Amino acid sequence: MMKNVTKRDGSVVAFDRQKIVTAIEKAMNDTSAGVDEELAERIATAIQDMDKDASVEEIQDMVEDNLMSSDRKDVARSYIIYRDAHARRRDATDDQKRRYDEIRRLVVGEDEDSKKENSNKDTRIIPTMRDYMAGFTCRELATEVVFPKDLSDAHKAGLIHIHDTDYSPVMPMFNCDLINLDDMLQNGTVISKTLIEKPKSFRTACTVVTQIITQVASCQYGGNTISLAHLSPFIDISRQKIRKEVEAEIASIPMDFDDGPIEKNDLQRYINDIAEQRLRSEIKDGVQTIQYQLITMSTTNGQAPFTSMFMYLDEVPAGQPRKDLAMLIEEVLRQRIQGVKNEQGVYVTTAFPKLLYCLDEDNSHEDSEYWYLTKLAAECSAKRLVPDYISAKIMRKEKDDNVFPCMGCRSFLMPYYDKDGNPKFYGRFNQGVVTLNLPDIALSSGGDIDKFWEIFDERLSLCYRALMIRHNSLKGVKSDVAPILWQHGAIARLKPGETIDKFLYNDYSSISLGYAGLYECIHYMTGKSQLDKAGHDFGIQVMQRLNNACDEWKRQTRIGFSLYGSPIESTTFKFAKCLRKRFGIIPGITDKDYVTNSYHITPSQPVDAFTKLTVESEFQHYSLGGAISYVETPNMTKNIDAVLEIIKHIYNTIMYAEINTMTSYCHICGCTDIKMGDDLKFHCPNCGNDDFEKMNIALRICGYISTNPFNDGRAADIHDRVFHVGME
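Residues numbered from 1 in each chain as written. Predicted model: local features only at pLDDT ≥ 70, side-chain atom pairs only at ≥ 80, totals over all residues. Heavy atoms only, no water.

## A word on the pattern of salt bridges
Now for step 1: Tallying each qualifying case throughout the model produces 43 salt bridges.
Now for step 2: One salt bridge in this structure joins aspartate 360 and arginine 396, with 2.6 Å as the shortest N-O distance. Of the two residues, aspartate 360 is situated in the loop between strand S12 (354–359) and helix H13 (371–384) and arginine 396 in helix H14 (residues 392–398); the sequence distance between them amounts to 36 residues.
Now for step 3: On the basis of relative accessibility, which here comes to 4%, the residue aspartate 360 falls in the buried class.
Now for step 4: Two residues, lysine 419 and aspartate 420, come together in a salt bridge whose shortest N-O distance is 3.7 Å.
Now for step 5: Overlapping salt bridges bring together Asp236, Arg239, Glu276 and Asp324 as one network. (Salt bridge = Lys/Arg side-chain N within 4 Å of Asp/Glu carboxyl O. Helix = DSSP H or I, 4+ residues; strand = E, 2+ residues; numbered from the N terminus. Buried < 20%, exposed > 50% of the residue type's maximum accessible area, 1.4 Å probe, protein only.)

Right, here's the structure in full:
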């Protein structure tokens, strides 16, 4: 007779026949024939009479066998369903424990992966915690429910990376955009069901801009870009307003022009001079409002808005409008050079907003009218890491003679023309990204070129399917989900209930095939890098095949597929770990904690700035959905002339590039020369401080500036970077 039962956790308890009877009768209750107590008792007795003990699973198997051999096979089916439901509840309990542990580790600061996943998010603060908690659920739903198992497995194994699954495709959100600030400021907008009319001064416009940016950033998961050309028209509105105020003040003062200090015919010039002085003060206040609001306001995803500001003089007509824009750009650069005060009251570098300075013939050489602005930009780059530089000269060649900014960090749209043939840039967006792990393709091929291209096509197919799921998640979405985007001008002026579908096709928006680790791919397949002919030519071939895939997908679907050099902030570490797990340690490929970004020459390879930009420009040519090159420099604040030479080379060579350096401040001793050690921690050389919380560090992570901790893979990348200027 059975005496004991072994439970699933290994514990042993006394046999209880009534539990068998109860389980069978519950299953019988779910059938049309109802409960047969005699059968339930008979089966329980038969199991009890066994001459050996059993486990819970074995007893349940016996119940199923007995029911199947009886004339109540309907109960057997019901019992199987009942048993499966109990198993699901047990699994759910395990899942709940796992989820609780994830949340607990996040809240108490033990979740190192989340802490360093996004260097622009501080997981110690409550809004960010809430965002991550929601993200845990969205990510699990995406990988376990929305995406098919083979795509989820490929994502988990690091063959591909489906970006931002903590938001999309579970939530009806897109990645990044160019905000149509011109429409929203000139025609008014609505924020939280409150009408915001056209501002009547530059100062008010600046305040409205920060409100718009924060609202927009809360409705998407990537970066956004505004153009200063949309804000600068309000300078003249303030000018006219201030002139009237000054005229009224002058009119209220009795003046004897015969004996007074002002000639009557000089009165208007005097009024204009006073008005311009007050106007400059208002511009200074307005720019300061934008700067401080954007770094102190938090979006609903728990971070400051990831905003870029486009500074392109030729975006407005020549004459007073361009002079006003130049005045605005100058003020933005001067305030950024100054920095913002930290808790100790010391001016330090801030991460946002990112600045995008566009180079054209009127500011790219010493004899150009606005060269003084470029000199300011160079000083700002040397001291505060921004702006980044867009070459209008090269962009016109790449973008059908158009010039426009990237969305946030690096995502570029393709040209789009309205029904009247006019180009449209603002009010457009990116649907999302899936990134291909190129080193994994190379290593999986074992160096066999035919096998490489076979696997290459297989992996592209995975990316395409994942991107289509992301695209389809936006189809049918109604404008009501984000009124600031779809109804009130940031993207469109749709009616309530209207779907966004028409913006998902024909290049109005983009969707991106990302790629990472071209250097490691080249190095494994050829033994070379982009600096050698064999490596260069193979790399170009890979880029062409990637770009051709996007073109073919676009032709088949009318969706704006484009090739994108992924930032891979946390993905660089993920890919490196996955490669090492799959292939072991391979010198030059998997022996480090990162894979090289996009098409970049690997961080540790010595090369001068001009050669690097020239070589990488050939690869950027194919990455028209987004890419940025960089040069790494030491402290250049005393060598602005060298910075200007790099800027001029950018203008003539490559569409989009940045100049990297690092700024720091030690809270303990005030040292501004903190360095990263071989332990991947920052150390003050003066007092030995290595506590990240007791220093200000600002450096490039992967296209944007970070002032928060970052993952070990990105830290290793930063540690390995060599200077591209100042080299022997």
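More follows now that the structure is in view.
## A short note on the sheet that holds strand S2 (residues 12–14)
Now for step 1: Ordered in space as S2-S1-S3, the three strands form an open sheet in which the pairing is mixed. The sheet is open, and its two edges are formed by S2 and strand S3 (54–55), each paired on a single side.
Now for step 2: Looking at chain direction, strand S1 (residues 4–6) and S2 are connected through three bridges and run antiparallel. Its bridge partner lying in S2, valine 5 is registered against valine 13. (Pairing = 2+ DSSP bridges.)

## Observations regarding the nonpolar core
Now for step 1: In this structure, Leu231, Phe452, Trp486 and Leu546 are the most contacted members of the largest nonpolar core, which totals 157 residues.
Now for step 2: When residues of this core are assigned to their parent elements, the largest contribution, 11 residues, is made by helix H16 (residues 449–472).
Now for step 3: Excluding residues that lie within four positions of it along the chain, tryptophan 486 makes contacts with Phe174, Phe429, Ser479, Val481, Ile491, Ala492, Arg493, Leu494, Ile500 and Phe503.
Now for step 4: Ile20, Leu39, Val63 and Tyr79 belong to the second largest nonpolar core, which has 23 residues in total. (Core = buried A, V, L, I, M, F, W, Y, C linked by side-chain atoms within 4.5 Å. Contact = heavy atoms within 4.5 Å.)

## Thoughts on the packing of aromatic side chains
Now for step 1: Inspection of every chain in the model, using the stated rule, returns 23 aromatic pairs.
Now for step 2: With a centroid separation of 5.0 Å and 80 degrees between ring planes, the pair formed by tyrosine 416 and tyrosine 508 is classed as edge-to-face. Highlighted residues: tyrosine 416 in the loop between H14 and strand S14 (428–437) and tyrosine 508 in the loop between helix H17 (483–486) and strand S15 (510–516), separated in sequence by 92 residues.
Now for step 3: On the accessibility criterion, tyrosine 416 (21% relative accessible area) is partly exposed.
Now for step 4: Centre to centre, the rings of tyrosine 464 and phenylalanine 561 are 5.8 Å apart; their planes meet at 35 degrees, and the pair counts as tilted. Residue tyrosine 464 is located in helix H16, and its partner phenylalanine 561 is located in strand S16 (residues 561–565); the two are separated by 97 residues in the primary sequence. (Phe/Tyr/Trp six-rings, centres within 6.5 Å; stacked < 30°, edge-to-face > 60°.)

## Re unusual backbone geometry
Now for step 1: Each neighbour pair has its own omega, and for phenylalanine 352 with proline 353 the value is -5 degrees, a cis peptide bond.
Now for step 2: Structurally, proline 353 can be placed in the loop between strand S11 (347–348) and S12.
Now for step 3: The omega torsion across valine 386 and proline 387 is 10 degrees, close enough to zero to call that bond cis.
Now for step 4: Within the fold, proline 387 resides in the loop between H13 and strand S13 (388–391).

## Thoughts on the packing of helix H15 (residues 438–445) against helix H20 (residues 571–583)
Now for step 1: Two elements in contact, H15 and H20, have axes whose closest approach is 10 Å; the angle formed by their N-to-C orientations is 10 degrees. Comparing the axis directions of H15 and H20 gives the class roughly parallel. Of H20, the residues touching H15 (which contributes Pro439, Asp440, Leu443 and Ser444) are Leu579, Arg582 and Phe583.
Now for step 2: Taken together, the residues that form the contact of H15 with H20 break down as four nonpolar, one polar and two charged. (Axes fitted to C-alpha atoms, helices over the stretch in contact; angles between N-to-C directions. Parallel < 35°, antiparallel > 145°, perpendicular 65-115°, else oblique. Nonpolar A, V, L, I, M, F, W, Y, C, P; charged D, E, K, R; others polar.)

## A word on the sheet that holds strand S19 (residues 662–666)
Now for step 1: Strand order across the open sheet formed by three strands is S19-S22-S23, with antiparallel pairing between neighbours. Strands with a single pairing partner mark the edges of an open sheet, and in this sheet they are S19 and strand S23 (705–706).
Now for step 2: Here strand S22 (residues 695–700) pairs with S23 via two bridges, running antiparallel. Across the sheet, arginine 700 pairs through a bridge with isoleucine 705, a residue of S23.

## Quick notes on H15
Now for step 1: Among the eight residues of H15, seven are classified as buried, and the element is accordingly described as predominantly covered.
Now for step 2: For H15, the set of buried residues is Leu438, Pro439, Asp440, Ile441, Ala442, Leu443 and Ser445.
Now for step 3: Where H15 is buried, its residues touch S14, H16, S15, helix H18 (518–526), helix H19 (533–557) and H20.
Now for step 4: If you check the start of H15, you find a side-chain oxygen 3.2 Å away from the backbone N of aspartate 440, and it comes from asparagine 437. (Polar contact = N/O pair within 3.5 Å; in protein donor to acceptor, adjacent residues only side chain to side chain.)

## Describing the side chain of aspartate 166
Now for step 1: Position of aspartate 166 relative to the elements: it lies in the loop between strand S4 (160–162) and strand S5 (177–178).
Now for step 2: Under the relative-accessibility criterion, aspartate 166 is labelled buried at 14%.
Now for step 3: For aspartate 166, the contacting residues outside a window of four places in its chain are Gly135, Cys138 and Arg139.

## A few points about the pairing of S12
Regular strands place their side chains on alternate faces of the sheet.
Now for step 1: Taken across its six residues, S12 has six buried, putting it largely inside the fold.
Now for step 2: Relative to S12, strand S9 (residues 307–311) runs parallel, the two sharing four bridges. Directly across from methionine 309, in S12, lies its bridge partner leucine 355.
Now for step 3: Pairing geometry for S12 and S13, over four bridges, is parallel. Within S13, the residue paired with cysteine 358 across the bridge is isoleucine 390.
Now for step 4: Following the chain from S12 across H13 to the adjacent parallel S13, one finds a crossover that is right-handed. (Right-handed = clockwise from strand over helix to strand, strands pointing away.)

## Brief notes about a nonpolar patch on the surface
Now for step 1: Residues Leu141, Val145 and Val146 make up a contiguous nonpolar surface patch of about 240 Å² in total accessible area.
Now for step 2: Tracing the chain through its elements places valine 145 in helix H6 (residues 126–146).
Now for step 3: Valine 145 gets classed as exposed once you look at its relative accessible area, which sits at 60%. (Patch = residues over 30% accessible without salt bridge, like charges linked within 9 Å, V, L, I, M, F, W, Y side chains within 5 Å. Areas by Shrake-Rupley, 256 points an atom, 1.4 Å probe, with all protein chains shown as cover.)

## Quick word on H16
Now for step 1: In this model H16 runs 34 Å from its N-terminal to its C-terminal C-alpha over 24 residues, within 8% of the 34 Å that 1.5 Å per residue would give.
Now for step 2: With a side-chain oxygen lying 2.9 Å from the backbone nitrogen of aspartate 450, the N-terminal cap of H16 falls on aspartate 448. (Expected span 1.5 Å × (residues − 1).)

## Regarding the environment of arginine 580
Now for step 1: Following the sequence through the fold, arginine 580 ends up in helix H20.
Now for step 2: Sequence separation of arginine 580 and aspartate 691 is 111 residues, and the distance between their C-alpha atoms is 30 Å.
Now for step 3: Excluding residues within four positions of it along the chain, arginine 580 makes contact with Ile585, Thr590, Asp591, Lys592 and Asp593.
Now for step 4: Within polar-contact distance, the side chain of arginine 580 engages the backbone oxygen of threonine 590 at 3.1 Å.

Bear in mind that shape data such as this cannot, by itself, settle questions of function.
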